[in-house]
Amino acid sequence: MRIAEADTYDVLVIGGGPAGLSAALNLGRSLMRVLVVDADRPRNAATLNSHGFLTRDGVAPHELRRMAREELAAYPNIEVRTRVRVLELRRTDAGADADPAADAAGGFTASVGRKDPTDVVAARTVLLATGLRETLPDVPNLRGFYGISLFSCAACDAWELRGRRLALIGETPDIAERARLIARWTEDLTIFTLGADTVSPAEEAELAASGVAVQRHPIAELVGDRGRIEAIRLTDGTVVAVEGGFVRPEWETDLSFLRGFAPAIDHDGHLVTDRSGRTDVPGLYAAGDAAIPGPQQLIVAAGAGARVASVIVHDAVGIATAH
């Protein structure tokens with residue numbers, strides 16, 4: 001099967017969050033033919049309002065995405081497909097792994113659909129803006145509070161919780177570091193380690209000097225109503241009153257759709273890129289939370305998407321950009 005010219009794109013953007021949509025806008029304005037494929041299952045779906053995005057502080061994430069898609073619709077060279085996903089992505093120049101459906105026009109072929117491929121497209125370049133897959137701590141009824149009074153991003157949501165009695169729930173090795181950050185917004189913070197030995201005695205003493213308490217027993221129940229947390233009950237019967245807080249999820253990048261090649265990832269599972277968003281696979285770029293992360297804010301992801309879009313355009317015409 002030969003891919004029709006109508007199904008060949010300059011850039012395939014996988015992921016329709018702020019990084020992917022921002023990249024698509026800037027690529028389109030540079031006369032690139034762009035296809036955005038978005039499964040439409042964002043990690044921040046539970047978040048009612050997002051913060052820190054200049055001119056859009058407090059906007060609902062789904063509304064930001066809607067406005068972005070509306071803006072992209074004005075560009076005839078940008079196509080957005082939603083509620084489908086890239087089921088397989090292959091390199092066309094990978095020898096035995098090359099897709100026989102591809103021609104010389106594209107560096108990659110992608111099968112796009114829901115569960116079964118419904119379309120095959122080719123692209124010269126691919127931008128991975130898939131974000132991260134999130135696993136919350138194993139705490140009873142946590143989902144009922146997440147995104148309403150419990151959050152994962154201090155930079156995004158701590159302002160609204162400032163001065164309150166806060167919880168930090170997690171069992172990862174960096175939990176004490178996160179507590180030091182969150183303590184900037186409150187003088188009443190308790191870490192709940194869920195029974196994990198992730199806060200050393202030295203760290204606990206240092207935290208205690210700053211007014212941060214540590215509870216090491218597992219959580220039996222989160223107490224509250226309509227998403228507003230009021231207390232945390234531990235398995236030993238202790239009840240700690242709280243008015244909000246943060247959880248420390250575990251994150252991973254889903255690269256299960258890649259076939260026949262594997263870009264480098266770091267020890268935390270994030271894609272390794274240079275400062276310009278290039279992976280170690282020619283023609284494959286990454287932006288947003290899928291790459292080695294910084295602050296997980298919408299404005300940071302959107303900026304990363306715009307930056308990588310510029311790099312893709314420069315690379316396409318052979319102009320060197322800073323690494």
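Everything numeric here is computed off the predicted structure, so don't read it as measured data.

How each quantity is defined
Residues numbered from 1 in each chain as written. Predicted model: local features only at pLDDT ≥ 70, side-chain atom pairs only at ≥ 80, totals over all residues. Heavy atoms only, no water. 1 Å grid on protein atoms, 1.4 Å probe; cavity = no way out; pocket = protein on both sides within 12 Å on 5 of 7 lines; lining within 4 Å. Points joined across faces, edges and corners; volume = space filled by probe spheres on them. Helix = DSSP H or I, 4+ residues; strand = E, 2+ residues; numbered from the N terminus. Nonpolar A, V, L, I, M, F, W, Y, C, P; charged D, E, K, R; others polar. Disulfide = S-S within 2.5 Å. Buried < 20%, exposed > 50% of the residue type's maximum accessible area, 1.4 Å probe, protein only.

1. A short note on empty space enclosed by the protein
Move 1: For the coordinates displayed, the defined rule picks out 1 cavity of 30 Å³ or more.
Move 2: Estimates place the volume of the largest cavity at around 50 Å³.
Move 3: Residue lining of the largest cavity: Ser-152, Ala-154, Leu-168, Arg-178, Leu-181, Ile-182, Phe-246, Val-247 and Arg-248, and that is the complete set.
Move 4: Contributing elements (two or more residues each) for the lining of the largest cavity: α4 (175-182) and β15 (244-247).
Move 5: Examining the composition of the lining of the largest cavity, we find that 3 residues originate from one element, α4, more than from any other.
Move 6: Residue classes in the lining of the largest cavity are distributed as 6 nonpolar, 1 polar and 2 charged.

2. Some details on the state of the cysteines
Move 1: Tallied over the entire structure, the rule returns 1 disulfide.
Move 2: Here Cys-153 pairs with Cys-156 through a disulfide, and the sulfurs are 2.3 Å apart. Classification of the bridge connecting Cys-153 and Cys-156 rests on its S-S torsion, roughly 70 degrees, and on that basis the disulfide is right-handed. Of the two residues examined, Cys-153 and Cys-156, each falls in the buried class.

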